[in-house]
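# Observations on chain architecture
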Amino acid sequence: MPLQALRSVAKSQNGVGAFILQCKRLDFHYCDWAGSSKGMKCAPLMNAFARQNPQIEITISPRPRKHPVIRGTYINGREKAVCVRNMEKEQVLEKANLLRDASGEKLRKVTKPVKSLNESVRGIWDPFHGSEWKI
């Protein structure tokens, strides 16, 4: 009787094969009148950022009488917002890059040094495992 192999498809993981950016949209909101939005009113920098990141939908819209905000929307459905009140142009770009590179996950305390879908059966290797040490 011939042996049949199991037909299963590998589970896709981000970064294995192709990388998918987690941020799908960035919304820039600013006020035309207020001075706290001076860093957001630089069209050439925003256009350059949009050209460098064609995979992200970027919208720039006025929000009267409010402080400027950059809001990131992620593929897992979450949103993160960062207030960029009284920041310079370079600082606003840094915050936009921070939101672009974020994963959209909630920040949580790291309790284990390794995060994996498959837990190790043998545990984490330690140089004191194995043979006896005599001092």
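A brief report on the enclosed structure follows. Residue numbers restart at each chain and count upward from 1, following the sequence in its written direction. Residues qualify for local features only when their pLDDT is at least 70, as the model is predicted, and side-chain atom pairs are given and counted only at 80 or more; totals for whole chains, interfaces and linings, by contrast, use all residues. Hydrogens and water are ignored here; the side-chain numbers use all heavy atoms of the structure.

## Observations concerning the nonpolar core
Only buried residues count toward a nonpolar core, which is a set of Ala, Val, Leu, Ile, Met, Phe, Trp, Tyr and Cys residues joined through side-chain atoms within 4.5 Å. Classification of residues uses two cut-offs on accessible area relative to the type maximum, computed with a 1.4 Å probe and protein chains only: under 20% is buried, over 50% is exposed, and between them is partly exposed. Ranked by internal contacts, the top residues of the largest apolar core, which has 18 residues, are Leu26, Phe28, Met40, Ile70, Val84 and Val92. Mapped onto this core, the elements with two or more residues apiece are β1 (23–30), α1 (43–52), β3 (69–74) and α2 (89–101). Contacts are assigned to residue pairs with any non-hydrogen atoms lying within 4.5 Å of each other. Each residue touching Val84, except ones within four places of it in the same chain, is listed here: Ser36, Met40, Pro68, Val69, Ile70, Val92 and Lys95. By the criteria applied, helices consist of DSSP H or I runs no shorter than four residues and strands consist of E runs no shorter than two, each listed in order from the N terminus.

## What to know about the packing of α1 against α2
Note on definitions: angles span 0 to 180 degrees between N-to-C directions of axes, and those axes are lines fitted to C-alpha atoms, for helices only across the stretch in contact. Packing of α1 against α2 brings their axes to within 11 Å, and their N-to-C directions diverge by 25°. Here α1 lies roughly parallel to α2, going by the angle between them. In terms of crossing hand, the pair formed by α1 and α2 is right-handed. Touching Leu45, Met46 and Phe49 of α1 are Lys89, Val92, Leu93, Ala96, Asn97 and Arg100, all from α2. Considered class by class, the residues forming the contact of α1 with α2 number six nonpolar, one polar and two charged. For classification, angles of less than 35 degrees are called roughly parallel, those exceeding 145 degrees roughly antiparallel, those between 65 and 115 degrees roughly perpendicular, and all remaining angles oblique. The hand of a helix crossing depends on one turn: near helix anticlockwise from the far one by less than a right angle means left-handed, and clockwise means right-handed. Put simply, Ala, Val, Leu, Ile, Met, Phe, Trp, Tyr, Cys and Pro go in the nonpolar bin, Asp, Glu, Lys and Arg in the charged bin, and everything else, Gly too, in the polar bin.

## Quick word on the sheet that holds β1
Pairing between the strands of a sheet comes from backbone hydrogen bonds, and it takes one of two forms, parallel or antiparallel. Any two strands between which DSSP finds at least two bridges are classified as paired. Pairing in this open sheet of four strands is mixed, and the strands run β2-β1-β3-β4 from one edge to the other. Of all the strands in the sheet, just β2 (57–62) and β4 (79–83) have a single pairing partner and so form its edges. Strand-to-strand twist of the sheet, defined as the mean angle between neighbouring strand axes without regard to direction, takes the value 15°. The sheet contact formed by β3 and β4 spans five bridges and is antiparallel. In the strand pairing of β4, Thr73 is matched with Glu79. Its contacts with the sheet put α2 on β1, β3 and β4, and the angle it makes with β3 is roughly 15°.

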